[in-house]
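The lines below spell out each chain.
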Amino acid sequence: MNYPETLRYSKSHEWVKNEEGMVVIGLTDFAQSELGDLVFVNLPEVDDTVTAGEALGDVESVKAVSDIFSPVSGTVCEINEELLDHPELINEAPYDAWLIKVKDVTDEEELITAAEYETHCQSESNG
Amino acid sequence: MKLIFEMGAPGRGCDLIPPCTTPEVTVKVPMRKKAPHLPEVSETELSRHYTDLAKQTHGVNDGFYPLGSCTMKYNPKINDAASLLPGFTNIHPLQDTKDIQGCLEVLSSIEKALCEITGMQACTLQPAAGAHGEFTGLLLIKAWHNSRGGSKRTKIIVPDSAHGTNPASAAMADFDVVNIASDEHGCVDLEALKAAVGDDTAGLMLTNPNTVGLFDPNIAEITRIVHEAGGLCYYDGANLNAVMGVTRPGDMGFDVMHLNLHKTFSTPHGGGGPGSGPVACKDFLAPFLPGLRIDKQTDGTFTEETAAHTIGNVRSFSSNFLVVVRAFCYILTLGREGIPEASTTAVLNANYMMHKLAGHYKMAYDHTCMHEFVMTLEQEKHERNVSALDIAKALLDHGIHPPTMYFPLIVHEALMIEPTETESRETLDEAVQIFLDVLAESEAHPEKMHEYPFETPVRRLDEVGAARKPVVRYLYNPE
């Protein structure tokens, strides 16, 4: 399992990266591995607002549909449209397959470091 | 095997229609210019085609079918015999009510029987299956709130262990879904429920016993909390086979519910059924029921009338009528004594299997179960990469339909087993041995488990490809 140290993580398995005044959000390697092969991704639209702790969209695998929780509050300024046709990119390279970019961020969930997130994942998979 | 469209030859067929004696009329509406490409096959080809299809499936007539939450019980042949009586088959839905009094009596009688079994006071047979029933029930809840000026009641509370249809039906009925977490026993967390209810609560959807096969001990408290907040309680009848004739949703405090005749009442389930999902409710919701209400007059005749504040029709005509006839036959066959006996035997069979498997397979909850139980393969998955899916696929080669997998979502690597009351002790013993053999093989040869099944007409299917790039119709391509 891969936990890049340059990223910050939410306990609901999203990764967060700051990039030129925007926040980039994606799903972690642990999340894609638990979900299995993804078949659909629903994302918000550009200019939609997202709220920290609330669903920003969802992902569907052959097993189930799961919400993606937004780690921050703000306005969506870009979405990764390629994922809509190729959700498998999240399985193949979760840290390249970003979901959305958010600007005007006003609030954020409690975000943790790579080491803390790794411990969190280990406790979840043993639970 | 070939599709039926790929069989036969132009001009071949299996019926001879006599020459038309009525003069031809040209209809002045846009018509298709070419005849549709339909299969042209002989009766021999047709018959073999369906036999081929039947050979590729596994039904309750082939063997054990412990598909949790689906109640795949045996479908008694007497039900079919009753439904084939000419008085039931040689009728038309637009016939005058005076000509179909017998059919109306069947509809009225089963409505009464279902009300008695559920502790409700009124019933509609219109909904065509379970989720359709959920949708209908939610529309009744909405209509009732609206009739009291309660349009700000927009939220339906659903526990995280619920059948996926519950939140889906609530969303379809234009409610907002509020998810609440289960407690450590898989039951409703009362504190979470109390925190979730309020003056925006339209209702709660719940199945009891719940999806982990446990009867919620706080059920009366749960329905009281929702009622005190001004909401209504919807009972998902999917698990009624655990309690029918023993306890009643109406007595637990539920206001409206659906029944799955194709689960609990032994009508065909799967393969297109067709299903039937009657909705039963308390008196105060009756004025909103869809379809036609059947009334028995003092002279013994039956009449049909629309309810005063009906939500309208949820399908055409009365019901999947011949399915309803089958279910009525089942209820009459079992009678007052047989109905609770069916449920208690279903619970006994589930506990028998659970106790034989416990100690080998890990049970998700260490409790006496109701009609089904849930095991978790999480440990096997982590230790030797053998998943619930691998075990399920191996069972196929032993002539057992796999249990429900990966549900409920609150249990990881779940296998959910519901043996039903119609299996003998010998069948259960054989099935237990197969489950144990498969688990033993997964310890000895974990790698081989990813290869199963070997014996079925098709082996592992490309589920991801089927979801991402589905081919859902035959494309006719003449050479």
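Below is a summary of the structure that appears in this document. (Residues numbered from 1 in each chain as written. Chains lettered and ligands numbered in written order. Predicted model: local features only at pLDDT ≥ 70, side-chain atom pairs only at ≥ 80, totals over all residues. Heavy atoms only, no water.)

1. Here we look at the environment of Tyr-452 of chain B
Residue and element names in this part refer to chain B. Applicable threshold: Note on conventions: DSSP H or I runs of at least 4 residues are helices, E runs of at least 2 residues are strands, and numbering of each starts at the N terminus. Think of it in three bands: residues with accessible area under 20% of the maximum for their type are buried, residues over 50% are exposed, and the middle band is partly exposed, with areas taken using a 1.4 Å probe on protein chains only. It only takes one pair of heavy atoms within 4.5 Å for two residues to be counted as in contact. N or O atoms closer than or at 3.5 Å make up a polar contact, with two conditions inside protein: a donor-capable atom paired with an acceptor-capable one, and, for residues adjacent in sequence, both atoms drawn from side chains.
Locating Tyr-452 in the fold gives a position in the loop between α14 (425-444) and α15 (463-468). Using a relative accessible area of 6% as the deciding quantity, one classes Tyr-452 as buried. Separated by 61 residues in sequence, Tyr-452 and Ile-391 have C-alpha atoms that sit 8.5 Å apart. The contact partners of Tyr-452, leaving out residues within four places of it in the chain, are Lys-393, Ala-394, Asp-397, Glu-441 and Arg-460. Within the structure, Tyr-452 has its side chain in polar contact with the side chain of Glu-441 (distance 2.7 Å).

2. Regarding the interface of chain A and chain B
Stated precisely, the cut-off is as follows: The quantity reported as buried area is the accessible area (1.4 Å probe) lost by two parts once they are put together, taken as the sum for both. Each reported salt bridge corresponds to a side-chain nitrogen of Lys or Arg within 4 Å of a carboxyl oxygen of Asp or Glu. Gly falls in the polar group here, along with every residue not listed as nonpolar (Ala, Val, Leu, Ile, Met, Phe, Trp, Tyr, Cys, Pro) or charged (Asp, Glu, Lys, Arg).
Contacts between the two partners involve 12 residues from chain A and, on the opposite side, nine residues from chain B. The junction of chain A with chain B conceals about 860 Å² of combined surface from both sides, 61% of it contributed by carbon and sulfur atoms. When the buried area of chain A at its contact with chain B is split by residue, Val-39, Val-62 and Lys-63 of chain A rank highest and sum to 43% of it. Among the salt bridges present, the one from Arg-468 of chain B reaches Glu-88 of chain A, with a minimum N-O distance of 3.8 Å. Counting residues per element, the ones that place at least two in the side of chain A that touches chain B are β4 (38-42) and α3 (88-92) of chain A. In terms of residue count, β4 of chain A provides more of the side of chain A that touches chain B than any other element does, three residues in total. By residue class, the composition of the side of chain A that touches chain B is six nonpolar, three polar and three charged.

3. Observations concerning the sheet that holds strand β9 (residues 100-108) of chain A
All names here are of chain A. Condition: Should DSSP find at least two bridges between two strands, the strands are regarded as paired.
The six strands are arranged β1-β2-β3-β9-β8-β5 in an open sheet whose pairing can be described as antiparallel. Looking at the sheet topology across the chains shown, the edges are occupied by β1 (8-9) and β5 (49-50). Across two bridges, the pairing between β1 and strand β2 (residues 14-19) is antiparallel. Each bridged residue has a counterpart across the sheet, and for Arg-8 the counterpart in β2 is Val-16.

4. Focus on the environment of Asp-397 of chain B
All names here are of chain B. Relative to the elements of secondary structure, Asp-397 occurs in the loop between α13 (388-396) and β12 (404-405). Considering only alpha carbons, one finds Asp-397 and Glu-455, 58 residues apart in sequence, at a separation of 5.6 Å. Polar side-chain contacts of Asp-397 include one of 2.7 Å to the backbone nitrogen of Phe-454.

5. Thoughts on α14 of chain B
Residues and elements named next belong to chain B. To keep it simple, the criterion reads: Given a helix with a known number of residues, its expected span is that number minus one, times 1.5 Å.
Between its terminal C-alpha atoms α14 stretches 29 Å, which fits the 28 Å expected from 20 residues at 1.5 Å a residue. When α14 is considered as a whole, its buried residues turn out to be Leu-428, Ala-431, Val-432, Ile-434, Phe-435, Leu-436, Val-438, Leu-439, Glu-441 and Ser-442. The elements touched by buried residues of α14 are α11 (321-357), β11 (373-376), α12 (378-384), α13 and β13 (414-417).

6. Describing the pairing of strand β3 (residues 22-27) of chain A
Residue and element names in this part refer to chain A. Counting buried positions along β3 yields six of six residues, so the element is predominantly enclosed. Taking every second residue as pointing to the same face, both faces of β3 are buried, with Met-22, Val-24 and Gly-26 on one and Val-23, Ile-25 and Leu-27 on the other. In this sheet, β3 lies alongside β2 in antiparallel orientation, the contact comprising six bridges. Bridge pairing in β3 places Lys-17 opposite Val-24. In this structure, the hairpin formed by β2 and β3 is closed by a connection of two residues, where Glu-20 is found at a positive phi of approximately 45°. Relative to β9, β3 runs antiparallel, the two being bridged by three bridges. Looking at β9, one finds that Val-24 is bridged to Lys-101.

7. Quick notes on the pattern of salt bridges
Taken as a whole, this structure holds 21 salt bridges over all chains when the rule is applied. Two residues, Glu-45 of chain B and Arg-12 of chain B, come together in a salt bridge whose shortest N-O distance is 3.0 Å. Of the two residues, Glu-45 of chain B is situated in helix α1 (residues 43-55) and Arg-12 of chain B in the segment before α1; the sequence distance between them amounts to 33 residues. Within the structure, one salt-bridge network assembled from shared partners comprises Lys-17, Glu-19, Glu-78 and Lys-101 of chain A.

8. Brief notes about the sheet that holds strand β7 (residues 279-281) of chain B
Each strand in a sheet pairs with its neighbour through backbone hydrogen bonds, running either in the same direction (parallel) or in the opposite one (antiparallel). Residues and elements named next belong to chain B. For clarity, the cut-off: Interaxial angle, 0 to 180 degrees, is taken between N-to-C directions of lines fitted to C-alpha atoms, where a helix line uses only the stretch in contact.
Strand order in the open sheet made by the seven strands is β1-β7-β6-β5-β4-β2-β3, with mixed pairing throughout. For this open sheet the edge positions go to β1 (122-124) and β3 (176-180), each flanked by a neighbour on one side alone. Each adjacent strand pair in this sheet contributes to an overall mean axis angle of 20°, direction not counted. Where strand β2 (residues 155-159) lies against β3, five bridges are found, and the strand directions are parallel. Counterpart to Lys-155 in the pairing with β3 is Asp-176. Most of the contacts of helix α4 (residues 101-118) go to β1, to which it runs at about 125°, and overall it touches β1, β6 (256-258) and β7.

9. Describing a nonpolar patch on the surface
We apply this condition: For patch building, the residue pool is restricted to those with more than 30% relative accessible area and no salt bridge; the joining distance is 9 Å between like charges and 5 Å between nonpolar side chains (Val, Leu, Ile, Met, Phe, Trp, Tyr). Note on areas: Shrake-Rupley with a 1.4 Å probe; residue coverage comes only from the protein chains shown.
On the surface, Met-1, Tyr-50 and Leu-53 of chain B cluster together to form a nonpolar patch covering roughly 310 Å² of accessible area. Examined against the element boundaries, Leu-53 of chain B turns out to sit in helix α1.

Take it as geometry only, folks, not as evidence of what the structure does.
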